Amino acid sequence: EKGGWDSFMEKEIHEDPTAVNDTLLGRFNQAGDIVLDEVRIEPDVFRSIDKIIVVACGTASYAGMVAKYAIEHWVRIPVEVELAHEFRYRDPILTPRTLVVAISQSGETMDTLMALRHAREQGSRVLAICNTQGSTIPRESDAVLYTHAGPEIAVASTKAFVAQIVAAYLLGLYLAQVKNTLFADEIHQIVAQLKAMPAKIQRVLDTQAGTVEATAKRLLDAHSFLFLGRHVGYPVAMEGALKLKEIAYTFTEGFAAGELKHGPIALVEAGEPVVVIVPSARGRDTLHNKVISGIEEVKARGAYTVAVAEEGDSDVGKYADVVFWRPECPTLLSPLVDVVPLQLLALDMARLKGYDVDKPRNLAKSVTVE
Ligand code: M6R
């Protein structure tokens with residue numbers, strides 16, 4: 001059942017490309033227009049949506065954070081991302097024009113379920129992005145967009161995360177299509193770029209696994225890891241930190257790279273690892289330079305620096321002790337590849353420490369109590 005892999009987590013990480021591919025399948029026509037027939041909300045209703053609130057927990061919430069960058073950019077409506085357990089208790093502003101998007105792999109997370117019930121009671125529509133057919137969250141939602149990642153057994157979520165990003169992006173593109181905030185050509189181009197992602201993820205798996213494993217060995221005795229990223233790299237950093245704490249029981253902190261000098265840099269210690277998600281160097285945009293100078297700063301304080309960077313980035317090597325390379329891809333799609341070496345890093349660290357990677361201590365696959 002593990003298909004020759006040592007653990008479900010290892011198998012599921014290697015299914016990242018298929019999860020992306022299968023979640024895209026059948027969701028656009030020949031021309032590249034988005035077709036979401038299964039989502040039974042009238043286009044007119046979608047057209048009237050003026051705000052999105054994503055409710056989710058853990059990894060699913062980080063997929064929501066990634067989607068916020070894309071959807072706000074494409075659709076020009078505000079997207080809030082709220083941890084489901086916080087949402088209900090803050091008297092959120094919900095109207096019939098608010099679309100609440102509940103993201104959940106299992107479809108059984110009680111915190112997320114309670115949040116969507118609250119949203120519906122307030123008259124908002126709820127769309128579920130879910131990986132489990134017929135589970136409670138889609139059943140109680142107005143509409144559902146399934147991620148087709150296949151069953152995810154390991155407690156640490158991996159392939160579901162990339163599939164959730166794809167599903168949320170399809171929703172964003174669909175909204176852009178009905179609201180006319182992108183030209184058809186732009187949508188077709190993004191669809192083509194999405195279709196190219198499975199091969200890019202596969203390339204990361206094929207070419208970076210050795211470097212990741214050597215890095216895990218080198219860092220096995222580290223006391224704590226810091227993960228930092230900017231823009232879409234920020235939720236990826238959070239996700240990398242969560243994976244490592246969940247299964248390798250390593251103390252980790254993920255944060256926005258811009259926060260470094262507002263506090264976290266005080267944590268940097270000689271020899272301790274800092275993992276940095278580096279945005280594309282193409283055009284040497286300001287974000288790239290700022291993140292590179294972040295690496296420089298932690299390196300100057302003796303940190304062991306690990307970067308996730310785009311192939312051909314000639315700046316990163318100056319300050320990074322090791323680089324996990326990503327193939328060139330548009331910034332908004334980069335989380336789909338950047339998370340892969342971080343999933344592998346957590347797996348390798350846990351495995352090398354002799355832990356049960358599929359069933360980490362204290363955790364359940366779905367959290368069915370509040
Ligand atoms: O089934 P869900 O997607 O609703 O689960 C949400 C979180 O409990 C889940 O992502 C959790 O954080 C994972 N163990 C992360 O690896």
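Here, every reference points to the structure presented above.
Computed from a predicted model, the values in this text were never measured in an experiment.

**Student:** I'm lost on the side chain of Asn 131 in this one. Help?
**Tutor:** You can see Asn 131 is positioned in the loop between strand E4 (125-130) and helix H7 (136-139). Here Thr 147 takes part through its side chain, which lies 3.0 Å from a polar atom of the side chain of Asn 131. Polar contacts involving the side chain of Asn 131 include one to the main-chain carbonyl oxygen of Gly 150, which spans 3.0 Å.

**Student:** What's the story with helix H6 (residues 110-121) in this structure? I'm lost.
**Tutor:** Working note: α-helix, 3.6 residues per turn, so residues spaced by three or four point in the same direction. Between the first and last C-alpha of H6 there are 16 Å, a value that for twelve residues agrees with the 16 Å anticipated at 1.5 Å per step. By the burial criterion, the buried members of H6 are Asp 111, Thr 112, Leu 113, Met 114, Ala 115, Leu 116, His 118 and Ala 119. At the C-terminal side of H6, Gly 123 shows a positive phi close to 90°.

**Student:** Is there a simple way to explain the layout of surface pockets in this structure?
**Tutor:** Gaps between atoms show up when a probe of the same size as a water molecule is rolled over them. Space inside the largest pocket adds up to approximately 520 Å³. Around the largest pocket sit 24 residues that line it, and Cys 57, Gly 58, Thr 59, Lys 365 and Val 367 are the ones nearest its centre. For the lining of the largest pocket, the secondary structure elements donating two or more residues are helix H4 (58-75), strand E3 (98-104), H6 and helix H11 (233-248). Computed from the structure, the second largest pocket encloses a volume of approximately 240 Å³. When contributions to the lining of the second largest pocket are tallied by element, the ones reaching two or more residues are H4 and helix H9 (184-195). Of the residues forming the lining of the second largest pocket, the biggest block, four residues, is contributed by H9. Among the residues forming the lining of the second largest pocket, the class breakdown is six nonpolar, four polar and one charged.

**Student:** What is the right way to look at the site of the ligand in this model?
**Tutor:** In the region of the ligand, 14 residues are neighbours, and Ser 104, Gln 105, Ser 106, Thr 109 and Glu 246 sit closest. Within the contact set of the ligand, an oxygen atom lies 2.6 Å away from a side-chain nitrogen or oxygen of Ser 104. At 3.0 Å from an oxygen atom of the ligand is found a side-chain nitrogen or oxygen belonging to Lys 243. The protein chains hide 90% of the 410 Å² of surface that the ligand would expose on its own. In a pocket analysis with a 2 Å cut-off to the grid points, the ligand is assigned to the largest pocket. Secondary-structure elements contributing two or more residues to the shell around the ligand are H4 and H11. Residue composition of the shell around the ligand, by class: five nonpolar, seven polar and two charged.

**Student:** Just checking my understanding: could you explain the packing of aromatic side chains for this structure?
**Tutor:** The description of an aromatic ring pair rests on the distance of the ring centres and on the angle between the ring planes. Per the stated rule, a full pass over the model turns up four aromatic pairs. Judged by centre distance (4.6 Å) and plane angle (40°), the ring pair of Tyr 249 and Tyr 355 falls under tilted. Taken together, the residues span a long stretch of sequence, with Tyr 249 in the loop between H11 and strand E7 (251-256) and Tyr 355 in the segment after helix H13 (335-352) at a distance of 106 residues. For Tyr 355, a relative accessible area of 33% gives the class partly exposed. Over the face of the ring belonging to Tyr 249 we find Arg 361, whose NZ or CZ atom lies 3.8 Å from the ring centre.

**Student:** Help me understand the environment of Ser 135, please; the structure alone is not making it clear to me.
**Tutor:** Topologically, Ser 135 is positioned in the loop between E4 and H7. The class of Ser 135 is buried, set by a relative accessible area of 3%. Residues Ser 135 and Trp 5 lie 130 residues apart in sequence; the distance between their C-alpha atoms is 28 Å. Not counting chain neighbours up to four residues away, the residues in contact with Ser 135 comprise Ser 106, Gly 107, Glu 108 and Cys 130.

**Student:** What am I meant to see in unusual backbone geometry here?
**Tutor:** A negative phi angle is the norm for most residues apart from glycine, just as the trans form is the norm for most peptide bonds. The residue Asn 180 is not glycine, and still its phi comes out positive at about 60°. Tracing the backbone through its elements, the reader meets Asn 180 in the loop between helix H8 (159-179) and H9. Non-glycine residue His 231 carries a positive phi angle of around 55°. Examined against the element boundaries, His 231 turns out to sit in the loop between strand E6 (224-229) and H11. For His 231, a relative accessible area of 30% corresponds to the partly exposed category.

Parameters at a glance
- Residues numbered from 1 in each chain as written.
- Predicted model: local features only at pLDDT ≥ 70, side-chain atom pairs only at ≥ 80, totals over all residues.
- Heavy atoms only, no water.
- Helix = DSSP H or I, 4+ residues; strand = E, 2+ residues; numbered from the N terminus.
- Polar contact = N/O pair within 3.5 Å; in protein donor to acceptor, adjacent residues only side chain to side chain.
- Expected span 1.5 Å × (residues − 1).
- Buried < 20%, exposed > 50% of the residue type's maximum accessible area, 1.4 Å probe, protein only.
- 1 Å grid on protein atoms, 1.4 Å probe; cavity = no way out; pocket = protein on both sides within 12 Å on 5 of 7 lines; lining within 4 Å.
- Points joined across faces, edges and corners; volume = space filled by probe spheres on them.
- Nonpolar A, V, L, I, M, F, W, Y, C, P; charged D, E, K, R; others polar.
- Near = heavy atom within 4 Å.
- Areas by Shrake-Rupley, 256 points an atom, 1.4 Å probe, with all protein chains shown as cover.
- Sits in = over half its atoms within 2 Å of the grid points.
- Phe/Tyr/Trp six-rings, centres within 6.5 Å; stacked < 30°, edge-to-face > 60°.
- Lys NZ or Arg CZ within 6 Å of the ring centre and 35° of its normal.
- Contact = heavy atoms within 4.5 Å.

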